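# Chain and residue survey
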Amino acid sequence: MVTEKDKRTGGQVWEQWKEFVWNPRTHEFMGRTGSSWAFIILFYLVFYVFLTAMFTLTMWVMLQTVSDHIPTYQDQLATPGLMIRPKTENLEVLVNLSDSSSWNEHVQILDKFLEPYNDSIQAQKNDVCRPGHYYEQPDNGVLNYPKRACQFNRTQLGDCSGLNDPTHYGYSTGQPCIFIKMNRVINFYAGANQTMNVTCAGKRNEDAKNLGDFTMFPANGNIDLMYFPYYGKKFHVNYTQPLVAVKFMNVTRNVEVNVECRINAVNIATNDERDKFAGRVAFKLQIIKT
Amino acid sequence: MRAAEILARDGPNVLSPPKETPEIIKFLKQMIGGFSSLLWAGAVLCFIAYLIEFSKDKSASLDNLYLGGVLIVVVILTGMFAYYQEAKSTNIIASFTKMIPRNALVIRNGEKYEIPAEHLVLGDIVEIKGGDQIPADIRILTSQGCKVDNSSLTGESEPQFRSCEVTHENPLESKNIGFYSTTCLEGTATGMVINTGDRTVIGRIASLASSVGHEKTPIAIEIEHFVHIVAGVAVSIGIVFFIIAICMKYRVLDAVIFLIGIILANVPEGLVAAVTVSLSLTAKRMAKKNCLVKNLEAVETLGSTSIICSDKTGTLTQNRMTVAHLWFDNEIYQADTSENQKDQIFDQSSATWTSLSKIVMLCNRAEFKSGQESVPIMKKIVMGDASEAALLKFSEVVMGDVIERRKKNRKVVEIPFNSVNKFQLSIHETDDPNDKRFLLVMKGAPERILEKCSTIMINGQEQPLDESSVKAFQDAYMELGGLGERVLGFCHLYLPEDEFPDNYSFDVESMNFPTSDLCFVGLISLIDPPRSTVPDAVIKCRSAGIKVIMVTGDHPITAKAIARSVGIISANSETVEDIAKRLKIPVEKVNKREAKAAVVSGMELKEMSPEQLDELLANHTEIVFARTSPQQKLVIVEGCQRQNAIVAVTGDGVNDSPALKKADIGIAMGCAGSDAAKIAADMVLLDDNFSSIVTGIEEGRLIFDNLKKIIAFTLTKNIAELIPFLIFIIAGVPLPIGTIAILFIDLGTDIIPSIALAYEKAESDIMNRKPRHKKKDRLVNHQLALYSYLQIGILQSVGGFFAYFTVYTVQGFKPDLLLYLRPLWENDSLNDLEDSYGQEWTKYQRQYLEWTGYTAYFVAVMVQQIADVIIRKTRINSVFQQGLFRNKYIWVGIASQIIIAVILSSGFGSIPVLNFTTLRIQYWFVAVPYAIVIWLYDEFRKLLVRHYPGSWWDKTMYY
């Protein structure tokens, strides 16, 4: 088969291209006449309006089927994660004792984070609950009845409360407080009616050595059952998440220490291979002193 | 020994096979051709991305490394698959062309040896006899009535005498050369080998043929065109979004990863495999219909054929002389010429017929080969030339056991036919024991026979040959000759008993018997009749817009007669000569435009300039080229190709091979074809039957239509794979579908349904359409691309996103929250991301949800692709007109889609890297409304296309 390869010169290509863009003979722009373009544009306009309408309709129907206060499924939140404050890049808490700007940001974050925990605010908004018991608030026939929350007072955090604290949660003296919180999961009865607490340790042997002593607030790292269950942000408006503060007293200076804190609760597994934050949290602590 | 030395010097006496592309090159071509290069680019980008990440952070995620590896595996696997398919179809033919080892009888050192023909060397003396193939080019040393068939070399089907005289300076014309691979029909000869192997005349032609370039097949061009479109779309969207991503302050590394995703989503990875399988399925189907396709792509070429240049002998005709007409008692009788003539129905009561039949039977040297008692008469093999064989079979059919009758009429003496006498004569005893006379029977060229006669037999009575009976003879002779038939005259004489007693010794040399004043009995005309299926096939071609051109070495009159009888020249069309004759004006004065038909002889063709040939081909729809040499076939093919036609050429001779190569599709004859022709051709017709070409064309057209459907089906979901990336970049939502899931759609769920579309039946009579225009009717036109990309594709994406949003919503992330969530969502150290309900998610929990999103989107696309494969069954008819269940394979395909998705979603897919999760049963159905809309919308489109042909809608929406 022989087709003469039409070798076209650059000029011809340009001419052809020009004619494609605007053909004065047939009044065609990009190979279509004006009316053809109008039809095409109109058609696609109608088509996409129809599509949008259909998408909107199906989405609306779908959103009607989900509840306002609890998601349809929670299977992926079977184990709540743990997290620390201050939350830093790569969960590395770096404190340079000779450079206050290295920890100032942490302190500001913590100030802001702990503000809702001020005793005055808690007393004003939240109930005093019975410790050691879940604070269940059934709807009792009233649909989506607003829920009350239990008080978690900042003073419960003791030395880490940051109240009247010239050491700025210990950051200025190299004895920083790290706050540990457990992720909120709606209708999750953490601890399964038994006491639970948070424990921390160095990840490896040398970490444990470098970590030194630490103190926990509330004592023993306890988390009380009364803060559970959580009823969702829409109806459990003033919910106050329980915290555990850990004050590291004498961390070896100038060494990166890997710390891991985990929750000891009957119904929270802390050994998930793939989710490194299920029921535990790992972070790095480094205090630099030159 | 000397022979061994020469053998070592010259090599064996075989044609060296045409240069094959080395297997490794073929393999590598599959590896880098088409989309593979894009995928390679994607893989390289993956590795680069990984290396950049790795150089920054030693614990970088291995995902990019895996993806790059997977891409390479995909390229290699699809490449290997295409290579395997290609190799499989070439192997069919390789086994086919393997020559049967032939032996030659050679005289060396005065002793006869039988050695394999390939061991022959220069200077060997060989003996050949009737039925042998000549083992090398030889110079005849001695010859006893040796006749050869040079048709494979020169195209002339007349047997030619070989003797030891040099009759021409040109060895091709000289009578003393026997050519390699031609056959000796009868007689014996000895000759000296003068050329072996590639140095033989045939070897030189064969090497000429292999030097004629073979260009790309139309389907290859179409697929290339399609690859260009898709690759263009992929690369341009990729680059545009690369720039957008950079402008949106994404990291360059991220932008590169987006680029990979966009390329991956755009490339239909499974398409090459699907197309290859579909073509080979069609090739298999064609092989069942006697079209053996050597090159897979030739399957479609046949479908786009617009001109067929067909041989006459053997392809249009039965390739055997057959009695067509008889003339006796001043009347012309027609004989049955069909393939399996059972009985002849003309009037056999006349006494003249009795005499004529006796002459036909006795004056004939042909004999059936022994041991064929159970073979039907028409299929029996005959020793003797074509005309004699025809007459032998004819008399066998009409009168029964000819051999037995010949025995009863013992032959006393005979003079075989020769070109000087132009007659054949024999003298027999009669079978009547009381009649002691001898019967002299004679046949030959009618005018020579008539010269020897003084009487003519009418109704069994001898009458003097007067002017009126001579005129009657002339008219009959002219009429039969005008039909292109070979006419033979028959006469006889009972020798008077007193002059020729039964002990009379006849002498051929001195001719001591009368050869004049004989009694003329009748004429019989012979023709190589058309195959009975051919006229229908020609009509089919004509309604399919295919021009059938006959190219033959035969005489123009014969050619025209056959052309008329098979319909190549239709009943009511005339040639210039016909018009001139009708209007009684000189040929030059006829307006050439009025003549639809043209018969052009090789001599005339020689005189024509290419422009004149173009004009001839353009202005006449019915063309016969007669008396052409095989070389001129090449000229004709080139002329047709200048008309932008896709040309199919049939051929069997070695000399045809250049034309076969030059043609868009060369068709070699399986039975009559020489090996050289089969090697040069793209296709082999196993039954040598023209009508098989037509069934082949039908299959070729069907596969073109079905490839359109396959491509439309495959392209659609590419948009549904691409849009997620675009939305992901622009709107910052968590990624809706991952690259691995995309590969599982392209190479998993979609493969079998797309192949199943190849089994789809034609929507309407595809043989009533014009052949597709090479440049205008593209495989992938803009209608197909726009409809698949911008309509169904977008619809599918919307359906996919609906499923995606649904699974996120039910887990707690409502759509409004997802917008621009990406920086937080993908932050590894953020392990308490709040959802719409105030719950907090760790990174891995989000990651798992993202995989669930992939799975949901994947399933949604799969569900909508089920609707897509159903709508792609037809392009214009309603699916219900086509029959929803007629193509069972579609349902196998749909089942495969579902099964693969279920397997992936039910645990198998949860192994690392694959990242599928188990989807709740109800989320398998979220996209069903969209699937239904796709179906309904396409039915609506087809309805409008059917009802308003030629409308704006038809032009825009029919692909």
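Predicted model, so just to flag it, every value in this text is computed and none were measured. (Residues numbered from 1 in each chain as written. Chains lettered and ligands numbered in written order. Predicted model: local features only at pLDDT ≥ 70, side-chain atom pairs only at ≥ 80, totals over all residues. Heavy atoms only, no water.)

## Some details on the domain arrangement of chain A
We apply this condition: These domain limits were set by an automatic method or by a database of domain assignments.
As assigned here, chain A comprises domain 1 (9–43) and domain 2 (82–288). For domain 1 of chain A versus domain 2 of chain A, the separation of C-alpha centres amounts to 68 Å.

## A short note on the state of the cysteines
Residue and element names in this part refer to chain A. Heads up, the condition is: Note on terminology: pairs of cysteine sulfur atoms within 2.5 Å are recorded as disulfides. Here a helix means four or more residues in a row that DSSP labels H or I, a strand means two or more in a row labelled E, and each is numbered from the N terminus. Burial classification: accessible surface area is computed with a 1.4 Å probe over protein chains only, and a residue below 20% of its type maximum counts as buried, one above 50% as exposed, and the rest as partly exposed.
Following the criterion strictly, the structure yields three disulfides over all chains and no others. Covalent S-S linkage joins C160 and C177, the inter-sulfur distance amounting to 1.9 Å. Across the S-S bond linking C160 and C177, the dihedral sits near -80°, which makes this disulfide left-handed. Of the two residues, C160 sits in the loop between α4 (119–125) and β6 (177–182) while C177 sits in strand β6, which places them 17 residues apart along the sequence. Each of the two residues, C160 as well as C177, counts as buried.

## A word on helix α27 (residues 782–811) of chain B
All names here are of chain B. Cut-off, in case you're wondering: An expected span of 1.5 Å times one less than the residue number is assigned to each helix. Bend at a given residue is defined as the angle between two axes, one fitted to the seven residues that end at that position and one fitted to the seven that begin there.
Compared with an ideal rise of 1.5 Å per residue, which puts 30 residues at 44 Å, α27 spans 42 Å between its outermost C-alpha atoms and is within 8% of the ideal. Most pronounced at G793, the bend in α27 amounts to some 35°. A large share of α27 lies buried, amounting to 27 of its 30 residues. Just past α27, the residue G812 takes up positive phi, approximately 125°.

## Some words on the sheet that holds strand β11 (residues 256–264) of chain A
Residue and element names in this part refer to chain A. How we decide: For two strands to be treated as a pair, DSSP must find at least two bridges joining them.
Taken in spatial order, the five strands line up as β5-β12-β11-β7-β9 in an open sheet, and their pairing is mixed. Whereas interior strands pair on both sides, the edge strands pair on one side only; in this sheet they are β5 (92–96) and β9 (222–223). Where β11 lies against strand β12 (residues 280–288), seven bridges are found, and the strand directions are antiparallel. Among the inter-strand pairings, E256 is bridged to a residue of β12, identified as Q286.

## Here's the deal with the packing of aromatic side chains
Stated formally: Note on ring pairs: Phe, Tyr and Trp rings are taken, using the six-membered ring of Trp, and paired if centres are within 6.5 Å. Classes follow the plane angle, with under 30 degrees stacked, over 60 edge-to-face and the rest tilted.
The tally for this structure, following the rule as stated, stands at 55 aromatic pairs over all chains. Ring geometry for A:F113 and A:Y117: centres 5.9 Å apart, planes at 45°, overall tilted. The buried category is assigned to A:F113, whose relative accessible area is 18%. Between B:F744 and B:F916 the ring centres are 5.5 Å apart and the planes differ by 85°, which places this aromatic pair in the edge-to-face class. Of this pair, B:F744 sits in helix α25 (residues 739–749) while B:F916 sits in the loop between α32 (888–905) and α33 (928–947); the two residues are 172 residues apart in sequence, bridging distant segments of the chain.

## Brief notes about the packing of helix α30 (residues 843–871) of chain B against α32(B)
Residues and elements named next belong to chain B. The condition that has to hold: For every element, the axis is a line fit to its C-alpha atoms; helices are fit only across the contacting stretch, and the angle between N-to-C directions ranges from 0 to 180 degrees. Oblique is the label for any angle not covered by the other classes, which are roughly parallel (under 35 degrees), roughly antiparallel (over 145) and roughly perpendicular (65 to 115). Contacts are residue-level and defined by heavy atoms, with any inter-residue pair within 4.5 Å sufficient. When residue character is reported, Ala, Val, Leu, Ile, Met, Phe, Trp, Tyr, Cys and Pro are called nonpolar, Asp, Glu, Lys and Arg charged, and the others, Gly included, polar.
As a packed pair, α30 and α32 sit with axes 10 Å apart at the nearest point and diverge in direction by 175°. With respect to α32, the element α30 is oriented roughly antiparallel. Across the interface between the two elements, T855, F858, M862, Q865, I866, V869 and I870 from α30 touch I890, W891, I894, Q897, I898, A901, L904 and S905 from α32. Of the residues that constitute the contact of α30 with α32, the class distribution is eleven nonpolar, four polar and no charged.

## Comments concerning the sheet that holds strand β4 (residues 82–85) of chain A
Residue and element names in this part refer to chain A. A sheet is described by the order of its strands in space; here four strands give the open sequence β4-β6-β10-β8, paired in antiparallel fashion. Of all strands in the sheet, those bounded by a partner on one side alone are β4 and β8 (214–217). Adjacent strand axes in the sheet meet at a mean angle of 25° when their direction is disregarded. Sheet contacts for helix α3 (residues 101–114): β4, β6 and β10 (243–248); angle to β6, the most-contacted strand, approximately 45°.

## A word on empty space enclosed by the protein
All names here are of chain A. The condition is simple: Residues are said to line a cavity or pocket when one of their atoms sits within 4 Å of a point; the points come from a 1 Å grid over protein atoms alone, cavities being sets where a 1.4 Å probe fits but cannot get out and pockets being open sets with protein on both sides within 12 Å along at least five of seven lines. Grid points are joined across faces, edges and corners, and a volume is the space filled by probe spheres set on the points.
Applying the stated criterion to the full structure yields four cavities of 30 Å³ or more. Space inside the largest cavity adds up to approximately 70 Å³. Together, P80, M182, N183, R184, V185, F188, F228, Y230, Y239, Q241 and P242 line the largest cavity. Of the residues belonging to the lining of the largest cavity, the class tally is eight nonpolar, two polar and one charged.

## Quick notes on the UniProt feature "transmembrane region" (unreviewed entry) in chain A
Just so we agree on the cut-off: UniProt positions are given in the numbering used here, feature names are shortened, and annotations may be inferred rather than shown by experiment.
Per the UniProt record, the feature "transmembrane region" (unreviewed entry) sits at residues 37–63 of chain A. End-to-end, the C-alpha atoms of residues 37–63 of chain A are 38 Å apart, and along that stretch the chain is 100% helix and 0% strand.

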